[in-house]
Amino acid sequence: MTDRAVVINEKNVNNIEQLYGRCTADELERIVNNHIAVAVEEIFEDMNK
């Protein structure tokens with residue numbers, strides 16, 4: 001799998017900064033990927049109910 005670039009809108013960037021403070025690109029990548037992983041896991045759990 002190759003890395004992909006995404007655009008995060010200004011509202012979400014501001015909200016992330018409120019939660020976590022200023023983030024480097026690497027920190028932002030980790031935060032976003034962790035949230036996506038949790039969301040995907042919850043979707044799979046819901047599908048298996």
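Participant: Honestly, the environment of Leu28 in this entry has me stumped. Any pointers?
Facilitator: The residue Leu28 is located in helix 2 (residues 25-47) in this model. Look at Leu28 and you get partly exposed, because its relative accessible area is 23%. Sequence separation between Leu28 and Val13 is 15 residues, and the spatial gap between their C-alpha atoms is 9.2 Å. Once residues within four sequence positions are removed from consideration, Leu28 is found in contact with Ile8, Ile16 and Cys23.

Participant: What is the right way to look at the environment of Ala25 in this model?
Facilitator: Position of Ala25 among the secondary structure elements: in helix 2. Among the residues examined, Ala25 registers a relative accessible area of 64% and is labelled exposed. Along the backbone, Ala25 and Lys49 are 24 residues apart, and their C-alpha atoms lie at a distance of 37 Å.

Criteria and thresholds
Residues numbered from 1 in each chain as written. Predicted model: local features only at pLDDT ≥ 70, side-chain atom pairs only at ≥ 80, totals over all residues. Heavy atoms only, no water. Helix = DSSP H or I, 4+ residues; strand = E, 2+ residues; numbered from the N terminus. Buried < 20%, exposed > 50% of the residue type's maximum accessible area, 1.4 Å probe, protein only. Contact = heavy atoms within 4.5 Å.

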